[in-house]
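Here is how the chains run, residue by residue.
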Amino acid sequence: MADNNNPKTESHDPGRRNFLKNTGLVVGGVAGGSLLGGLFTNQMKSDDGKKGKNEETAKVDPSHARVFFGRFEDFIVLATATELIFPEDDNGPGAIGLDVPYFIDKQLAGTWGINGDDYRQAPFTNLEGLKKIEKADEKVNHSRANRGKIFLEGLRLMNAESMKRFDASFDQATEEQQHEIMGDLAAGKLDMKSIPSDAFFALLKQATLEGAFSDPLYGGNKNMDGWRMKEFAGARPSYADVIESEEFVKLDPISLTDYQRKK
Amino acid sequence: MAEELKKVDVVIVGTGWAGGITAAELTKKGYKVVALERGKEQSRNDFIGAKDELKYSIRYDMMQDLSKDTVTARGSMEETAKPVRNNNYARFGNDTGGASVHWNGVSLRWLPYDFEIHSQTVEKYGAKKIPENCTIQDWGITYDELEPYYDKFEKTAGVSGEENPVGPPRSDKYPNPPLKTTPSIELFKKASTNLGYHPYRLPAANMSETYTNPDGETINACMYCAFCEEYGCDFGAKGDPIVTVLETARKTGNFEIRNESTVTEVIHDGTKAIGLKYIDNITGIEYIQPADIVVLAGFVFTNNKLLLKSKIGKPYNPETQEGVIGKNFTGHFSNISTYIGARGFFNNEKWNLSMGTGALGAKVDDYAGDNVDHTDLDFLHGYEIRYYHLGQRPIDNNHVPEGTPAWGKEYKEKNLFYHNRSLIIRAKTAFLPNRYTYLDLDPTYKDEFGDPLIRATVHYEEQDIKRAQHGVETCKEIMTEMGADIIDLVDVPDDVKFDSKFYTNHFLGGAIMGEDPATSAVNNYSQMWDMDNLFVLGGSSFPHNSNHDPTETIGAFAYRASEGMIEYLGGEGGLLVEAKQTSKA
Ligand SMILES: Cc1cc2nc3c(=O)[nH]c(=O)nc-3n(C[C@H](O)[C@H](O)[C@H](O)COP(=O)(O)OP(=O)(O)OC[C@H]3O[C@@H](n4cnc5c(N)ncnc54)[C@H](O)[C@@H]3O)c2cc1C
Ligand code: SF4
């Protein structure tokens, strides 16, 4: 505790460079559509241990298995879409590099995916009624379909739309084509049964940001790099010594795993 | 058949500030008190290592379990109400200590104008100034009468603060000096001073230094840890019921909290309350806890629901404007209050915005209440302007200037760049009651036990919208003076309607206070006119909503009510205040 009360003395190394260097999953540049598919496939392969001995392979992360998404085709659309929302750039990793898709997969498999904490008695609001609701999150709340069903419908629709328009699955389409579909989704122009598509976009974006910035205990925000990019210091016990500072104080983040171990 | 338990002196619904203060005051006098709390038992141990934004601020772990009970909401009497389904639209308290544990700690006194709003408005501006549907009324008490109880609450909760230059008179200073300040707070203060306003530090129930309250409870110094609003305090540094009044009550040996006990009905014989019926959430067994005094302190929705279900008092009818229970529902509704204002983006500044405390900040009260002359304004009452430094957490704060794409490279770039470079100034506006804004029981939706949900019908009057728009303009003025490069307004459109969002948890009315039983449910001791051993505490007794936050006033009235209960139990009983007939027959 005493040490943490004086965070000024701590290392200021954001470690972003190291992270990029050390991870085998995300390599430089903005990942274009087809590359993304490849990334995941490579990752799968590396998990299979098919890579050569001398190749620098990432350590297999045992939490990198799907629990909600049965089909890889759905998961790859999810991964592509989240990376499109929050791409890798000079600041640091994008959604894939932060393990956002795995975060969302885990969330959908739990209480959140089945709206377990919500009031779920009928009557619900039908699609016409949902369209009249102003706020996107409220549209989701009042749908008869739970978040899991909404995700599956939305992702499959994005994929089907890509096949129809470009004769390529969403992850294989060009980045421009992917943005076109995302744009229509966000504008409410794709027809979904469960909710208006703009509300699905909002849900997807919210889930992406949650995965980028929640404590790593949930499987996203890998290496706390989401926090580093925002210069957010995580679960710090105290800022009492620094809060009055005139200067911006850059601190290395602390995760809950670190924090709780201290008690 | 419900099992009837042994009678106690006092039984209370709820363990927040309202229930907790009552428990402390009565047990200190030797009375046996049982508090029934629907949520789980919790203590400071539950909050250690609770710095988890996803769990607490995004999934709302501490808030009411809506799968069991919620409210329904609609924007006018013509609409069909929808249930509030997710906690993003309802941050109500649930476990030991209630919302009084995960509050920010902003501790404010209301104004002399608030308690005599009707008579002072008429006196100053004439009766015509009050819009036709506006149902403001006096509270049957003055600020001066309530002042000692405010002082008591501030000392119990350990409020840190400085004198409000335009505030009401005080009998004593705050028990603790103001919290530490920050460069962005100073910027706000400087800009508003330049404009002729009178900023002062937000009075905070977060301790600026370690403090021992008059009951002997020690509250530690705040760490500015930034996981405060929506969290229980790791350090026992926030004035909340767990570290103060509930602990004081526990030490007497006269107090029992029965957790996982959901109260479903007030048992009574038409003139006296007999006790409370409740269900043990774990076993499903029903009990009746009889008591000499029954106290409802289960927050505004439960209080109203229990009165309506138990058929106590006359339900309010918006068509005839007769009846009382459910009348004058008000609150800080988030699209016309609290979450409106001006956000500034600064390209050349960077602040430590991730640090902070629930009630760290400063505010301007020049437009509060009736502080400015309203002769030429098209609204009554007012608003306050706030800058908060409460610790900006990363999932909840992704602010980019308007016009930035909603996703992709530029979105990410700006999101990251402005994370510590944008500030928001907000207007907290009053909401005055109107005849079409009220509570009753929903005809369709039910809670887990099959009882109707409480339904809120919320209609915004023109003056509420004008007041809010005026507030946004003032925010913009101050933000401009602060030198932001880009200013985006969180504005209030002319046709804004209630968005069914109960986010501020400042909701009031339905069992309102007054001096005439024809127009009020309780007297100024929060005692039911129709049932003198039933006390209904909390915001449900407020006849309107001020621009100020409600909790300190809830606390003050709980102290006053406790005094009344002690007098009642020690004497002959009966009404503690004589009823007056003020309304036309
Ligand atoms: C995030 C947040 C921040 C806030 N910040 C501030 C602030 O800075 N300043 C301010 O003035 N106010 C603030 N508030 C509002 C403040 O929390 C409330 O005004 C205050 O807690 C009300 O106290 P209470 O005792 O009336 O109700 P509560 O503290 O909510 O207690 C009511 C209790 O009753 C229990 N209960 C309800 N129904 C039943 C039932 N049927 N059976 C058994 N038990 C029941 C509940 O579980 C709860 O524990 C905030 C609220 C929230 C949610
Ligand atoms: S900011 Fe202060 S009062 Fe709030 S939780 Fe942290 S230590 Fe407690």
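Rules used in this analysis
Residues numbered from 1 in each chain as written. Chains lettered and ligands numbered in written order. Predicted model: local features only at pLDDT ≥ 70, side-chain atom pairs only at ≥ 80, totals over all residues. Heavy atoms only, no water. Pairing = 2+ DSSP bridges. Helix = DSSP H or I, 4+ residues; strand = E, 2+ residues; numbered from the N terminus. Contact = heavy atoms within 4.5 Å. Axes fitted to C-alpha atoms, helices over the stretch in contact; angles between N-to-C directions. Near = heavy atom within 4 Å. Polar contact = N/O pair within 3.5 Å; in protein donor to acceptor, adjacent residues only side chain to side chain. Areas by Shrake-Rupley, 256 points an atom, 1.4 Å probe, with all protein chains shown as cover. Nonpolar A, V, L, I, M, F, W, Y, C, P; charged D, E, K, R; others polar. Core = buried A, V, L, I, M, F, W, Y, C linked by side-chain atoms within 4.5 Å. Buried < 20%, exposed > 50% of the residue type's maximum accessible area, 1.4 Å probe, protein only. Patch = residues over 30% accessible without salt bridge, like charges linked within 9 Å, V, L, I, M, F, W, Y side chains within 5 Å. Salt bridge = Lys/Arg side-chain N within 4 Å of Asp/Glu carboxyl O. Lys, Arg positive; Asp, Glu negative; His and termini not counted. Charge placed at Lys NZ, Arg CZ, Asp CG, Glu CD. Buried area = accessible area lost by both parts, 1.4 Å probe. Phe/Tyr/Trp six-rings, centres within 6.5 Å; stacked < 30°, edge-to-face > 60°. pLDDT = per-residue confidence, 0-100.

**Details of the sheet that holds strand S19 (residues 452-457) of chain B**
All names here are of chain B.
Part 1: Strand order in the open sheet made by the four strands is S5-S4-S19-S18, with mixed pairing throughout. Only two strands of the sheet have a single partner each, and these edge strands are strand S5 (82-83) and strand S18 (438-446).
Part 2: Pairing of strand S4 (residues 71-74) with S5, which is carried by two bridges, proceeds in the antiparallel orientation. Paired with Ala73 across the strands is Lys82, a residue of S5.
Part 3: Strand contacts of helix H8 (residues 299-309): S4, S18 and S19, with the helix running at about 75° to S18, the strand carrying the most contacts.

**Side note on the site of ligand 1**
Residues and elements named next belong to chain B.
Part 1: With respect to spatial proximity, 38 residues lie near ligand 1, and among them Glu37, Asn94, Ser100, Thr302 and Thr551 are the closest.
Part 2: Between a nitrogen atom of ligand 1 and a main-chain N or O atom of Val263, the distance comes to 2.9 Å.
Part 3: When isolated, ligand 1 has an accessible area of 1,000 Å², and the protein chains bury 98% of it.
Part 4: Where the shell around ligand 1 is concerned, the elements lending two or more residues are helix H1 (17-28), strand S10 (261-268), H8 and helix H11 (551-570).
Part 5: When residues in the shell around ligand 1 are grouped by element, the largest group, three residues, is from S10.
Part 6: Residue classes in the shell around ligand 1 are distributed as 12 nonpolar, 19 polar and seven charged.

**Focus on the nonpolar core**
Part 1: With 217 residues, the main nonpolar core has Phe151 and Phe200 of chain A together with Phe502 and Leu534 of chain B as its most contacted residues.
Part 2: Tallying contributions element by element places helix H9 (residues 197-213) of chain A first for this core, with nine residues.
Part 3: Residues contacting Leu534 of chain B, with those up to four places away along its chain left out, are Val266, Ala273, Val294, Leu296, Leu307, Ile312, Ser526, Gln527 and Met528 of chain B.
Part 4: Among the nonpolar cores identified, the runner-up in size contains 10 residues, and Tyr113, Ile117, Ala368 and Leu380 of chain B belong to it.

**Overview of a negative patch on the surface**
Part 1: There is a patch of like negative charges on the surface, built from Glu134 of chain A together with Asp378, Glu462, Asp494 and Asp495 of chain B.
Part 2: Take Glu134 of chain A: it is sitting in the loop between helix H5 (127-132) and helix H6 (136-142).

**Side note on the pattern of salt bridges**
Residue and element names in this part refer to chain B.
Part 1: Enumeration over the complete set of coordinates arrives at 53 salt bridges over all chains.
Part 2: Of the charged contacts in the structure, one is a salt bridge between Lys155 and Asp172, with a shortest N-O distance of 2.7 Å. Pair noted here: Lys155 is in helix H5 (residues 143-157) and Asp172 is in the loop between H5 and helix H6 (183-194), with a separation of 17 residues, a long-range link.
Part 3: Residue class for Lys155 comes out partly exposed when judged on its relative accessible area of 21%.
Part 4: Assessed through its relative accessible area of 32%, Asp172 is described here as partly exposed.
Part 5: The salt bridge partner of Asp464 is Arg467, with a shortest N-O separation of 2.9 Å. Of this pair, Asp464 and Arg467 both sit in helix H10 (residues 462-482), three residues apart, which is roughly one turn of the helix.
Part 6: The network of salt bridges with shared partners includes Lys363, Asp365, Glu384, Arg386, Lys428 and Asp549.

**Overview of the interface of chain A and chain B**
Part 1: With 70 residues of chain A at the interface, the matching set in chain B holds 62 residues.
Part 2: Across the interface of chain A and chain B, roughly 5,500 Å² is buried in total on both sides, 57% from carbon and sulfur atoms.
Part 3: If you sort the residues of chain A by the area they bury against chain B, Tyr119, Lys230 and Ile243 of chain A come out on top, with a joint share of 16%.
Part 4: As a salt-bridge pair, Arg59 of chain B and Glu210 of chain A come within 2.7 Å of each other at their nearest N and O atoms.
Part 5: For the side of chain A that touches chain B, the secondary structure elements donating two or more residues are helix H3 (72-85), helix H4 (100-108), H6, helix H8 (175-186), H9, helix H10 (225-230) and helix H11 (256-261) of chain A.
Part 6: Of all the elements, H9 of chain A adds the most residues to the side of chain A that touches chain B, at six residues.

**A closer look at the packing of aromatic side chains**
Part 1: Enumeration according to the criterion identifies 49 aromatic pairs over all chains in this entry.
Part 2: Relative to Trp407 of chain B, the ring of Phe201 of chain A has its centre 5.4 Å away and its plane inclined at 65°; by these criteria the two rings are edge-to-face. With one member in each of two chains, Phe201 of chain A in helix H9 and Trp407 of chain B in the loop between strand S16 (383-390) and helix H9 (409-417) form a pair that bridges those chains. Each of the two residues, Phe201 of chain A as well as Trp407 of chain B, counts as buried.

**Details of the environment of Leu441 of chain B**
Part 1: With respect to the helices, strands and loops of the structure, Leu441 of chain B is situated in strand S18.
Part 2: Along the chain, Leu441 of chain B and Gly326 of chain B lie 115 residues apart, while their C-alpha atoms are 9.3 Å from each other.

**Here we look at the confidence of the model for chain A**
Residues and elements named next belong to chain A.
Part 1: In this model, chain A carries an average pLDDT of 84, and 77% of its residues clear a pLDDT of 70 or more.
Part 2: Contacts from residues 1-39, a stretch scored under 50 in pLDDT, to residues over four places away or in other chains number 79 contacts.
Part 3: Note on residues 41-56: pLDDT is under 50 here. Beyond four places in sequence and across chains, it has 13 contacts.

**Structural notes on the environment of Ile454 of chain B**
All names here are of chain B.
Part 1: Along the chain, the position of Ile454 falls in strand S19.
Part 2: Under the relative-accessibility criterion, Ile454 is labelled buried at 1%.
Part 3: Sequence separation between Ile454 and Lys28 is 426 residues; the distance between their C-alpha atoms is 35 Å.
Part 4: Here Ile454 is in contact with Thr70, Val71, Thr72, Phe301, Asn304, Lys305, Leu308, Leu439, Asp440 and Leu441, once residues within four sequence places are set aside.

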